[in-house]
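Secondary and tertiary structure notes
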Amino acid sequence: MSKVGRNDLCPCGSGKKYKKCCLGKESSAVESILRLVTTEEAAAQEPAAALPEMEQTVQEAPVQPESKLTLTKLKKMVARELKWEHPAHEQLALQLIESMRDQYERELILEALVLWNGYSRQIRPAVKKTGSFCAAIEYLLSEEYGFNIPQAELADKYEVTTATISRKVKEMLNYIEEYGMGGEADELMMLNGPGTPKDKAQALLYKAMEASSSKRRIQLAETALEMYPDSSDAYLILAEESDNEQDARAYLKAGIAAGERELGELFFEKNKGYFWGLHETRPYIRICKSYAESCWFGGNAKEAAQILEHILELNTEDNTGARYLLAAVYLYSNQLKQAEQVLEKYGKDDAAAAFAYDRIILEYKKNGITSQLKMLYRVARGVNKHVPDYLLGVKRLPHNLPDFVGMGDSNEAIEYVIMHSRLWASVPDLLKWMLKQ
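Residues numbered from 1 in each chain as written. Predicted model: local features only at pLDDT ≥ 70, side-chain atom pairs only at ≥ 80, totals over all residues. Heavy atoms only, no water.

An unreviewed UniProt entry annotates the chain as Tetratricopeptide repeat-containing protein of Paenibacillus graminis.

Shown next as structure tokens:
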């Protein structure tokens, strides 16, 4: 059976959205979190179905089923499970419990706490008047679940103005747009759930890879590192979301060190040459490749070459294509013998445009303008006819690398020219010669 979305029509046939109809009557994601928090009590509890309906309320049942919350559990969660940037934020969470305890189910209060925790950790607001934040949170949840409590009513309850509530609601909506309602729920679930720290961190990273918000990706990657500091993929995400290349390179170096710690020296010795075939090595190879590319574009060809050589030693089959960039780095550094060795070792059965056009530069650097150069140029155009148009500026390059590349297509040409732009910029006379062909 497919999962019913919050904004889909309710399956009960009422015609209302699921979130405004039966969502609160069924087991929710928040309740799943609660089960994780209260696993030590679960064995002693009777199943909820075995209790009369009236005895399942907080007010009437002294012993609660595992899916039910108590005020004590909520307060313990605030103090022990959730992290806070400032004591005032924690105090506001406790006040939120007290202000909502008489009107709302405990599960909904938990959702309010999760929202406040995520918002306060990311925005770090100064708390001058607690009522304004409590009123805004209650208003947002009332809108979300169809209670539709007027702002004027909440203004009386919390002794603030409706204008203040509106302003705080707008601020929180901006946060929700970035992170989603209850953006910290994943963190809470992973922190208290079963599994090793590495497993929990990886689950968060899967969510980070799916997230469309840059801030959300950063948040999840940082949380993953808190759980498991040796996660190369977490550092890779932080590098990808960095605002400048220097910070990105620092994250990549830290990720390489994390991968080395995780795998261990003995693992490297035992599995050298076969890395990509072992699933646990792939994050390390990926971050090494990204670091080499960062060094190349940052002007450090020597370090780029060292990392690329390291990748090929660990993974001789070269599933990530490190050989293409290594050939370019050698050619750029005038290490022509090493470049020729790469082309001979990997290029015999390789129909990639990269090797075909790199052979032109190798011939030019060794012998200048020759008949052999013209022949190599004709061969390269036969491999991918689009490369000269992008190299010579006939067609404009996009800002980003393509998602998919096909042999001989324009995407292959775009990828080649972007990745080899520094190399071709170093041979302007060769470009002038190509312009005349």
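Picking up where we left off.
A short note on the overall build of the chain
Broken down by element type, the chain carries 24 helices and zero strands. Taken over 437 residues, the chain has a buried fraction of 48%. In the chain, 59% of the contacts between residues at least 6 apart in sequence involve partners at least 24 apart. Surface summary for the chain: the accessible area is close to 22800 Å², and the carbon and sulfur share equals 50%. (Helix = DSSP H or I, 4+ residues; strand = E, 2+ residues; numbered from the N terminus. Buried < 20%, exposed > 50% of the residue type's maximum accessible area, 1.4 Å probe, protein only. Contact = heavy atoms within 4.5 Å. Areas by Shrake-Rupley, 256 points an atom, 1.4 Å probe, with all protein chains shown as cover.)

Points about the nonpolar core
One finds Tyr357, Ile360 and Trp424 to be the most contacted residues of the largest nonpolar core, which totals 84 residues. Looking at this core element by element, the count peaks at nine residues for helix α17 (residues 322-332). Beyond its immediate sequence surroundings of up to four residues, isoleucine 360 is in contact with Leu373, Leu376, Tyr377, Ala380, Trp424 and Leu430. (Core = buried A, V, L, I, M, F, W, Y, C linked by side-chain atoms within 4.5 Å.)

What about helix α12 (residues 232-240)?
Most of α12 sits out of view: eight of its nine residues are buried. Every buried residue of α12 is accounted for by Ser232, Asp233, Ala234, Tyr235, Leu236, Ile237, Leu238 and Ala239.

As for the pattern of salt bridges
Considering all chains together, one arrives at 17 salt bridges under this definition. A salt bridge links glutamate 98 to arginine 101, with the shortest nitrogen-to-oxygen separation between them at 2.9 Å. Look at arginine 101 and you get partly exposed, because its relative accessible area is 30%. Of the charged contacts in the structure, one is a salt bridge between glutamate 293 and lysine 289, with a shortest N-O distance of 3.3 Å. Within this pair, glutamate 293 and its partner lysine 289 are both found in helix α15 (residues 282-297), separated by four residues, close to a single helical turn. Look at lysine 289 and you get buried, because its relative accessible area is 14%. Overlapping salt bridges bring together Lys75, Glu98 and Arg101 as one network. (Salt bridge = Lys/Arg side-chain N within 4 Å of Asp/Glu carboxyl O.)

Structural notes on the side chain of aspartate 350
Structurally, aspartate 350 is set in the loop between α18 (336-346) and α19 (353-367). In this structure aspartate 350 comes out as buried when scored by relative accessible area, which is 16%. At 2.9 Å, the side chain of aspartate 350 forms a polar contact with the backbone nitrogen of alanine 352. Beyond its immediate stretch of four places on either side in the chain, aspartate 350 contacts Arg323, Tyr324 and Phe355. (Polar contact = N/O pair within 3.5 Å; in protein donor to acceptor, adjacent residues only side chain to side chain.)

Things to note about the environment of tyrosine 228
Mapped onto the secondary structure, tyrosine 228 falls in the loop between α11 (214-227) and α12. When the C-alpha positions of tyrosine 228 and glutamate 262 are compared, they lie 10.0 Å apart, and in sequence the two are 34 residues distant. Excluding residues that lie within four positions of it along the chain, tyrosine 228 makes contacts with Pro197, Lys198, Ala201 and Glu262.

Remarks on the packing of aromatic side chains
For the structure shown, the criterion picks out 13 aromatic pairs. Relative to phenylalanine 147, the ring of tyrosine 104 has its centre 6.0 Å away and its plane inclined at 50°; by these criteria the two rings are tilted. Within this pair, whereas tyrosine 104 is found in the loop between α4 (87-100) and α5 (106-123), its partner phenylalanine 147 is found in the loop between α6 (130-144) and α7 (151-158), the two being separated by 43 residues in sequence. Residue classification places phenylalanine 147 among the partly exposed positions, given a relative accessible area of 43%. When the centroid spacing of 5.2 Å and the interplanar angle of 85° are considered together, the rings of phenylalanine 268 and tyrosine 284 count as edge-to-face. Residue phenylalanine 268 is located in helix α14 (residues 265-271), and its partner tyrosine 284 is located in helix α15; the two are separated by 16 residues in the primary sequence. With respect to burial, phenylalanine 268 and tyrosine 284 carry one shared label: buried. (Phe/Tyr/Trp six-rings, centres within 6.5 Å; stacked < 30°, edge-to-face > 60°.)

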